Amino acid sequence: MAGTDNPDEKTLISRMKSGEQQSYHEAVRAYTPGMLAVARFYLDRSSAEDIVQDCWVTVIDAIQTFEGRSGLKTWLHRIVANRCKNRLRSAKREVPLDFSDSMDPDLDNRFNASGRWEIPPKLRFDESADTLMENCALSDCLDKHLSALPETQRSALMLYEAHQHKSDDVCNILDVSASNLRVLIHRARQKIFLMVETFQETGEC
Amino acid sequence: MLMCRDLAMIASDYIDGELGTAGKLSVKMHLMMCGNCRSFIGNLRASTELLKAHTSGTVDEEFVRHVDERVAAALDAKERGDDQT
Ligand SMILES: [Zn+2]
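What you are looking at is a predicted structure, and each value in this text was computed from that prediction instead of being measured.

## Notes on the overall build of chain B
Here is step 1: A tally of regular secondary structure across chain B gives five helices and zero strands.
Here is step 2: Along its sequence from the N terminus, chain B presents helices and strands in the succession α-α-α-α-α.
Here is step 3: In terms of overall dimensions, chain B is more spread out than a globule: its C-alpha atoms have a radius of gyration of 24 Å, far above the 12 Å expected for 85 residues.
Here is step 4: Oriented by its inertia axes, the alpha-carbon framework of chain B measures out at about 70 × 25 × 15 Å.
Here is step 5: For chain B, the proportion of its 85 residues judged to be buried stands at 44%.

## Here's the deal with the nonpolar core
Residue and element names in this part refer to chain A.
Here is step 1: Ranked by internal contacts, the top residues of the largest apolar core, which has 87 residues, are W56, L72 and L174.
Here is step 2: For this core, the two domains that each supply at least three residues are domain 1 (7-90) and domain 2 (105-202).
Here is step 3: If we skip the residues at most four places from it in the chain, L174 touches V38, F41, Y42, A156 and L159.

## A look at a nonpolar patch on the surface
All names here are of chain B.
Here is step 1: Nonpolar side chains collect at one region of the surface, where M1, L25, M29, M32 and M33 lie side by side and expose about 680 Å² of accessible area between them.
Here is step 2: One can find M32 in helix α3 (residues 21-33).
Here is step 3: Classification of M32 as exposed rests on a relative accessible area of 64%.

## Things to note about the interface of chain A and chain B
Here is step 1: At the junction of the two partners, chain A supplies 54 residues and chain B supplies 47 residues.
Here is step 2: Both sides together, the interface formed by chain A and chain B hides about 4,800 Å², and carbon and sulfur atoms give 63% of it.
Here is step 3: Taken as a group, Q53, W117 and R189 of chain A account for 13% of the area that chain A buries against chain B, more than any other trio of residues on that side.
Here is step 4: Inspection of the region where chain A meets chain B yields 18 residue pairs in polar contact (both at pLDDT 80 or more).

## As for the confidence of the model for chain B
Here is step 1: Mean pLDDT over chain B works out to 88, with 91% of the residues at or above the 70 mark.
Here is step 2: Interface scoring of the predicted complex returns ipTM 0.79; its pTM is 0.75.

## Overview of the coordination of the zinc ion
All names here are of chain B.
Here is step 1: On the protein side, the zinc ion has C4 (SG), H30 (NE2), C34 (SG) and C37 (SG) as donor atoms, found 2.0 to 2.4 Å from it.
Here is step 2: Metal-centred angles of 102 to 112° between the four donor atoms at the zinc ion mark the site as tetrahedral.
Here is step 3: Written as a sequence motif, the donor arrangement for the zinc ion is C-x25-H-x3-C-x2-C.
Here is step 4: With a relative accessible area of 12%, C34 lands in the buried category.
Here is step 5: On the basis of relative accessible area, C37 is assigned to the buried category, the value being 0%.

Analysis parameters
Residues numbered from 1 in each chain as written. Chains lettered and ligands numbered in written order. Predicted model: local features only at pLDDT ≥ 70, side-chain atom pairs only at ≥ 80, totals over all residues. Heavy atoms only, no water. Helix = DSSP H or I, 4+ residues; strand = E, 2+ residues; numbered from the N terminus. Rg over C-alpha atoms; globule rule 2.2 N^0.38 Å. Buried < 20%, exposed > 50% of the residue type's maximum accessible area, 1.4 Å probe, protein only. Core = buried A, V, L, I, M, F, W, Y, C linked by side-chain atoms within 4.5 Å. Domains from an automatic or database assignment. Contact = heavy atoms within 4.5 Å. Patch = residues over 30% accessible without salt bridge, like charges linked within 9 Å, V, L, I, M, F, W, Y side chains within 5 Å. Areas by Shrake-Rupley, 256 points an atom, 1.4 Å probe, with all protein chains shown as cover. Salt bridge = Lys/Arg side-chain N within 4 Å of Asp/Glu carboxyl O. Buried area = accessible area lost by both parts, 1.4 Å probe. Polar contact = N/O pair within 3.5 Å; in protein donor to acceptor, adjacent residues only side chain to side chain. pLDDT = per-residue confidence, 0-100. Donors = N, O, S within 2.8 Å, 3.2 Å for Na, K, Ca; no water. Tetrahedral: all angles 85-135°; square planar, octahedral: opposite > 155°, others 65-115°.

Right, here's the structure in full:
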């Protein structure tokens, strides 16, 4: 849908088709983190890393058939997702998904029975993201909380926020419905909100 | 009428512009009257920005280098006309 209308991407693709080493170097650097995020939605860390490596090796040949109907990133992410799904199918394992409720229980507890705030947000995070990120302790804390998120929430969040996929693409790649994706994203953001609030209030993670 | 809890439930949809006209309007009306929810939306938005800034810098250098080497080896093998194993 997004197609390959980016001239740099077009050039990169034709360089990859001609088998130029440097082009793969650039592509691996640019796209591996996103591919890993996709694989981690389905698989544990070491299986996910295996799949991503295998995918890159097949891409060397498969790129010849890439027609640019989708963007390169979306194409790569689909390859990874398909491989993961095949792997799961052969292992007869279902992808565990857990998104029954769009509210984080810890946030939900802060409302009274009439639906008003019982414990309102404590203060405004008025510093910009860049300023906040300069705080190493906060950054570490964020890492810790991100890795504690259920894998499904984290991957959906990574694809959507960090790799800037459109919702449609994420749904396609991860095989989740649009409403489930919204729940995954919202749940993860609430966790981050609660974490930053605690951190700002107490200075502790 | 939209309560604070209802608003918290759809806050990400509001931030991402995924609400319809009616939904957007009722959130805006609520926000005009409710400072707590203004803080909440502001903070949730800031958290989202923070996360974006944080995750876009996160790369597992070691793994990327590993993949890079494996791809380079596969390309070499292909160039030499070997069958890749
Ligand atoms: Zn309110």
